[in-house]
Amino acid sequence: MTLPMKITGFLATLVILVIVPIYSFIEPTHQESLLDSYYTTAVLSSTDLYAENCAVCHGAAGEGIGDTPALNTDAVRTMSENDLSKVISRGRSNTLMAAWAAEEGGIFSNSQIADFTTFIQQTNWDYVGTRVAELGLTPPEVIEMEVSDEMLSSLSAIDGGEILTEGLLVYAENCSACHGANGSGTIIAPSIDSDDLRARPKEEIIQMVNSGINGTLMASWQNILTPEEINATVDLIYRWPELIETGVDFPEVEVMSIPSSPELIADGQNLFNIACKSCHGVDGYGSPMAPAVNNQLFLEETPDAAIYQIIAGGVSGTLMPAWGSRLSDYNLQSLVAFLRSMEPSAPAILPPILGN
Ligand code: HEC
Ligand code: HEC
Ligand code: HEC
C-alpha cells in the first residue's frame, strides 16, 4: 500500500475516532479551531524544515530559483494531497528534486512529509520568507559565470583562429582543473589529448560533453556552456596534435589557486550550512543523501581547482547539483576554502568517487 493511502486512511480513522465524537458534543466553531490548530502546528513545524532543506532551490519565499520551480503558485497549492506527498516522498527522477522520505532514502518521517503537504497548501509565503531570513538561510542570488571578451582577445594572437582560441580559453577555465593543463589528465580525470578519443566521431564527443558521464565527476556542460563553446572545445581535442606540431605555444594554463582567509572560510561555512548541509550533513560528515566531504582522502587527492569544478558542475546522474549558475565565483571559492580548512582534522573515509 502506498504511503499517501496510509496517511489518508489514518486521517479518515482520526476523523471517525476523534473528531466526529468531539463534534457531536462541541459547537462547530470549536471544531474549526481544533482543525486550525492542527494546520497551524503542521505549517509552523514545516517552516523551519523548509528553510533548512528546500529554500536553497525553491527560494526563501517559495518563488523558485533559476530552473527550479516556484512552490508559491496556485497550481502547486491546489495539487492533490496525494500528488504533493508523492513528489516530496519520492522526488522526480533525473531532476534535482530528491526523494525526501526516509523509506526512499531521504531524511523525513511520513508525518513530516504529511506536514510538508499541508504546509505547501496552507502557508503564508511572505511569513516563510521572513522566517528564512531570520534564520540567516536566504539563498544567494543567481549569478551567471561569463567568459569575458578581454580574456578572449588576449589569446587571439595564437595561430588557428577564433575557434581554437575560444576552445582553449573554455578549456582553461572549465576543464583543465581535472583534465590537466596540457590535456594529459590528472589523478581525478583521464587524458583528453588522446588518439582513441580522436578516433571517435565528433558528435559522440559533443554528446559526452553535453550530457556528462553519469555517476562520474564528468558533469553535464550543456547548461553551463553554449553549444558554440562546447563545439570549440571539442575541436580543440581533435586539433591538439596539430597545434603541438605547428609549434604553437600553449598559453600557460593558470591552475586556479583558491585564496584562504578566516573571512573566506567563515563565509564558506555559512553557505555550506545553507546549501550543502541538508545532503552532506552537519560539518560535512555525510548523510543518507550524500557522502562525507569532510573526508581526508578526498581532500588530499583533489586539488582546490578540481573541488571548485565539482561544486560548479555537479555530478551528473546523481543528486549533486551543479551550483555554477547559482553561486558567484566568490561563493564557490569560499566553499572550497571551507572544505580545505577541514583537511587537517578530517576522518579518513574511503572516497566514494575516487574509488571507481
Ligand atoms: C537541489 C534542489 C532542490 C531541493 C533542495 C528541493 N527541491 Fe523540490 N524540486 C526541485 C526541482 C528541480 C523540481 C522540479 C522537478 C521536475 O522537473 O519535475 C522540484 C519540484 C518540487 C515539487 C513539485 C512542484 C511542481 O510544480 O510539480 C514540490 C512540491 C517540491 N519540489 C517540494 C520540495 C520540498 C518540500 C523540498 C524540501 C524538503 C524540496 N522540494 C527541495 C529541486 C529541489
Ligand atoms: C570535475 C572534474 C572534471 C571536469 C571539470 C571536466 N571533466 Fe571531463 N571527465 C572527468 C572524468 C572523471 C572523466 C572520466 C569519466 C569516466 O569514468 O568515464 C571525464 C571524461 C571526459 C571525456 C571522455 C574521455 C574518454 O576518454 O572517454 C571527455 C571528452 C571530457 N571528459 C571532456 C571534458 C571537457 C571538454 C571539459 C570541460 C568543458 C571537462 N571534461 C571537464 C572529469 C572532469
Ligand atoms: C541534493 C543533495 C546535495 C546537495 C544539496 C549538495 N550535494 Fe554535493 N553531492 C551529493 C551527492 C549525492 C554526491 C555524490 C555524487 C556521486 O555519487 O558521485 C555529492 C558529491 C559532492 C562532492 C564530491 C565528493 C567526493 O567524495 O567526490 C563535493 C565536493 C560536493 N558534493 C560538494 C557540495 C557542496 C559544496 C554543496 C553545497 C554548495 C553540495 N555538495 C550540495 C549531493 C548533494
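Residues numbered from 1 in each chain as written. Chains lettered and ligands numbered in written order. Predicted model: local features only at pLDDT ≥ 70, side-chain atom pairs only at ≥ 80, totals over all residues. Heavy atoms only, no water.

### Some thoughts on helix H7 (residues 125-134)
Burial in H7 covers these residues: Trp125, Val128, Gly129, Arg131 and Val132. Across the axial projection of H7, the buried residues extend over an arc of 165°, all falling on one side. In H7, the exposed positions angled more than 90 degrees off the buried face are occupied by Asp126 and Glu134. Structurally, the start of H7 carries an N-cap: the backbone nitrogen of Asp126 is 2.9 Å from a side-chain oxygen of Asn124. With its phi angle positive at about 70°, Gly136 sits one or two positions after the end of H7. (Buried < 20%, exposed > 50% of the residue type's maximum accessible area, 1.4 Å probe, protein only. Helix = DSSP H or I, 4+ residues; strand = E, 2+ residues; numbered from the N terminus. Arc of directions from axis to C-beta. Polar contact = N/O pair within 3.5 Å; in protein donor to acceptor, adjacent residues only side chain to side chain.)

### Considering the packing of helix H17 (residues 304-313) against helix H18 (residues 329-341)
Packing of H17 against H18 leaves a shortest axis separation of 9 Å and a crossing angle of 120°. Here H17 lies oblique to H18, going by the angle between them. As H17 packs across H18, the resulting crossing turns out to be right-handed. From H17, Asp304, Ile307, Tyr308, Ile311 and Ala312 reach across to H18, where they touch Asp329, Leu332, Gln333, Leu335, Val336, Leu339 and Arg340. Taken together, the residues of the contact of H17 with H18 sort by class into 8 nonpolar, 1 polar and 3 charged. (Axes fitted to C-alpha atoms, helices over the stretch in contact; angles between N-to-C directions. Parallel < 35°, antiparallel > 145°, perpendicular 65-115°, else oblique. Left-handed = near helix turned anticlockwise from the far one by under 90°. Contact = heavy atoms within 4.5 Å. Nonpolar A, V, L, I, M, F, W, Y, C, P; charged D, E, K, R; others polar.)

### Some points on the site of ligand 1
Neighbouring ligand 1 are 19 residues; Cys54, Cys57, His58, Arg92 and Met97 lie closest to it. Between ligand 1 and His58, the relevant distance is 2.8 Å, taken from a nitrogen atom to a side-chain nitrogen or oxygen of the residue. Contacts to ligand 1 include Arg92, whose side-chain N or O atom sits 2.7 Å from an oxygen atom. Secondary structure elements with two or more residues in the shell around ligand 1: helix H3 (55-58), helix H5 (81-90) and helix H6 (110-122). Here the element with the most residues in the shell around ligand 1 is H5; it accounts for 3 residues. Taken together, the residues that form the shell around ligand 1 break down as 14 nonpolar, 4 polar and 1 charged. (Near = heavy atom within 4 Å.)

### Some words on the pattern of salt bridges
Pairing between side chains of opposite charge can happen when the charged atoms of each approach one another. Inspection of every chain in the model, using the stated rule, returns 9 salt bridges. Note that Asp48 and Arg131 form a salt bridge whose closest N and O atoms lie 2.8 Å from each other. Within this pair, whereas Asp48 is found in helix H2 (residues 28-53), its partner Arg131 is found in helix H7, the two being separated by 83 residues in sequence. Among the salt bridges present, the one from Asp74 reaches Arg77, with a minimum N-O distance of 3.2 Å. In this pair, Asp74 and Arg77 are both assigned in helix H4 (residues 74-77), 3 residues apart and thus about one turn of the helix distant. Overall, Arg77 belongs to the partly exposed group, its relative accessible area being 25%. (Salt bridge = Lys/Arg side-chain N within 4 Å of Asp/Glu carboxyl O.)

### What about the coordination of the iron atom of ligand 3?
For the iron atom of ligand 3, every protein donor is listed as His280 (NE2) and Met320 (SD), and the spread of their distances is 2.0 to 2.1 Å. Note that the iron atom of ligand 3 binds 6 donor atoms; their angles at the metal cover 88 to 178°, and the shape is octahedral. Taken together, the residues span a long stretch of sequence, with His280 in helix H15 (residues 277-280) and Met320 in the loop between H17 and H18 at a distance of 40 residues. Classification of His280 as buried rests on a relative accessible area of 12%. (Donors = N, O, S within 2.8 Å, 3.2 Å for Na, K, Ca; no water. Tetrahedral: all angles 85-135°; square planar, octahedral: opposite > 155°, others 65-115°.)

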